[in-house]
Amino acid sequence: MNYTVIDKNKWKRRQYFEHYLSAVPCTYSMTVKLDITNILAKGLKLYPAMLYVLTKAVNSYEQFRTAFNDNDELVIYSNMEPCYTVFHKESETFSNIWTKYSEDYETFCRNYNEDILNYGSVELFWAKPDVPKNVFTVSMIPWTAFDGFNLNVSDFRYLLPIFTIGKYFSENGKTYLPLAVQVHHAVCDGFHVCRFINNVQEQIEGI
């Protein structure tokens with residue numbers, strides 16, 4: 001896990017960061033419909049495919065890799081790993097599993113399948129141990145589609161993005177997937193979120 005410490009005195013975002021972190025602490029969310037027709041047409045398993053494209057997009061932009069480290073330094077991680085929820089039907093609880101990312105889709109899917117095999121039935125909040133600091137979180141709630149989804153995070157020093165995926169649905173011959181993106185305004189503006197979402201859609205179409 002590598003990172004670069006941000007020199008705030010030379011950081012062009014310093015005024016915005018300090019305003020939205022301290023003066024007006026502010027997080028926000030945006031919910032979009034992603035066209036996942038290509039994923040289903042190719043017979044790909046939805047969850048690992050979405051984890052792959054989300055991680056690839058996250059790793060493309062520093063706004064989604066900025067965080068405070070354990071030394072309270074503001075850093076940009078060189079790369080991020082996905083941490084995602086798995087549901088346990090009998091207990092109606094969930095667990096968190098993280099998977100090592102690879103830019104090669106087949107390699108990532110192998111890593112994902114191995115983690116699900118080893119930890120998918122472990123009914124602990126953190127099912128897979130040794131969670132690295134450079135993870136972002138993804139939740140799948142496939143029981144309903146939604147037009148809006150908002151998390152209320154009271155810790156305004158949590159700067160990393162949070163993603164929530166809903167139930168996909170068909171409309172006008174295409175299949176869409178709700179995706180809610182929760183970010184901190186101190187490090188991420190509307191422009192950055194829109195650019196990210198467009199990148200995710202491009203990754204889906206090219207997977």
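Draft legend 1. Geometry of the overall build of the protein chain. Along the backbone of the protein chain there are 5 helices and 10 strands. Taking 207 residues into account, the globule formula puts the C-alpha radius of gyration at 17 Å, and the protein chain, at 17 Å, falls close to it. In terms of overall dimensions, the protein chain has a C-alpha envelope of 50 × 40 × 35 Å along the principal axes. Across the 207 residues that make up the protein chain, the buried fraction comes to 47%.

Draft legend 2. Summary view of the environment of D189. Of note, D189 is situated in the loop between strand 10 (174-184) and helix 5 (190-206). Along the backbone, D189 and Q63 are 126 residues apart, and their C-alpha atoms lie at a distance of 8.8 Å. Those residues in contact with D189 that sit more than four places away from it in its chain are R13 and Y28.

Draft legend 3. Structural view of the state of the cysteines. All chains considered together, the criterion is met by 0 disulfides. C188 provides the cysteine sulfur closest to C26, a residue in no disulfide bond, and the two sulfurs are 11 Å apart. C194 carries a free sulfur, and the closest cysteine sulfur to it, the one in C188, is 9.5 Å from it. Relative accessible area serves as the criterion here: at 37%, C194 is assigned to the partly exposed category.

Draft legend 4. Region of interest: the packing of aromatic side chains. Applying the stated criterion across every chain, the model contains 17 aromatic pairs. Positioned over the ring face of Y176 is K33, at 5.4 Å from the centre of the ring. We note K128 situated over the ring of W98; from NZ or CZ to the ring centre the distance is 3.7 Å.

Draft legend 5. Just the packing of helix 3 (residues 46-58) against helix 5, in detail. Taken N-terminus to C-terminus, the directions of helix 3 and helix 5 make an angle of 135°; their axes are 9 Å apart at the nearest point. By the angle between their directions, the pair helix 3 and helix 5 is classed as oblique. Crossing handedness for the pair helix 3 and helix 5: right-handed. Side by side, helix 3 and helix 5 meet where M50, V53, L54, K56, A57 and V58 of the first sit next to F196, N199, V200, Q203 and I204 of the second. Its residues assigned to classes, the contact of helix 3 with helix 5 shows 8 nonpolar, 2 polar and 1 charged.

Draft legend 6. Region of the structure containing the sheet that holds strand 3 (residues 66-68). Across the sheet, 3 strands lie side by side as 1-4-3; this open sheet has antiparallel pairing. What marks the edges here is a single partner per strand, and that holds for strand 1 (3-5) and strand 3. Sheet twist, expressed as the average angle between the axes of neighbouring strands with direction ignored, equals 35°. As defined by bridge partners, strand 1 adjoins strand 4 (residues 74-77) across 3 bridges and the pair is classed as antiparallel. Counted as the bridge partner of V5 is V75 from strand 4.

Draft legend 7. Molecular detail of the environment of C188. Considering the arrangement of structural elements, one finds C188 in the loop between strand 10 and helix 5. Note on C188: relative accessible area 1%, which makes it buried. For C188, the residues in contact, after removing those within four places along its chain, are R13, Y28, Q63, F64, V183 and V193.

Rules used in this analysis
- Residues numbered from 1 in each chain as written.
- Predicted model: local features only at pLDDT ≥ 70, side-chain atom pairs only at ≥ 80, totals over all residues.
- Heavy atoms only, no water.
- Helix = DSSP H or I, 4+ residues; strand = E, 2+ residues; numbered from the N terminus.
- Rg over C-alpha atoms; globule rule 2.2 N^0.38 Å.
- Buried < 20%, exposed > 50% of the residue type's maximum accessible area, 1.4 Å probe, protein only.
- Contact = heavy atoms within 4.5 Å.
- Disulfide = S-S within 2.5 Å.
- Phe/Tyr/Trp six-rings, centres within 6.5 Å; stacked < 30°, edge-to-face > 60°.
- Lys NZ or Arg CZ within 6 Å of the ring centre and 35° of its normal.
- Axes fitted to C-alpha atoms, helices over the stretch in contact; angles between N-to-C directions.
- Parallel < 35°, antiparallel > 145°, perpendicular 65-115°, else oblique.
- Left-handed = near helix turned anticlockwise from the far one by under 90°.
- Nonpolar A, V, L, I, M, F, W, Y, C, P; charged D, E, K, R; others polar.
- Pairing = 2+ DSSP bridges.

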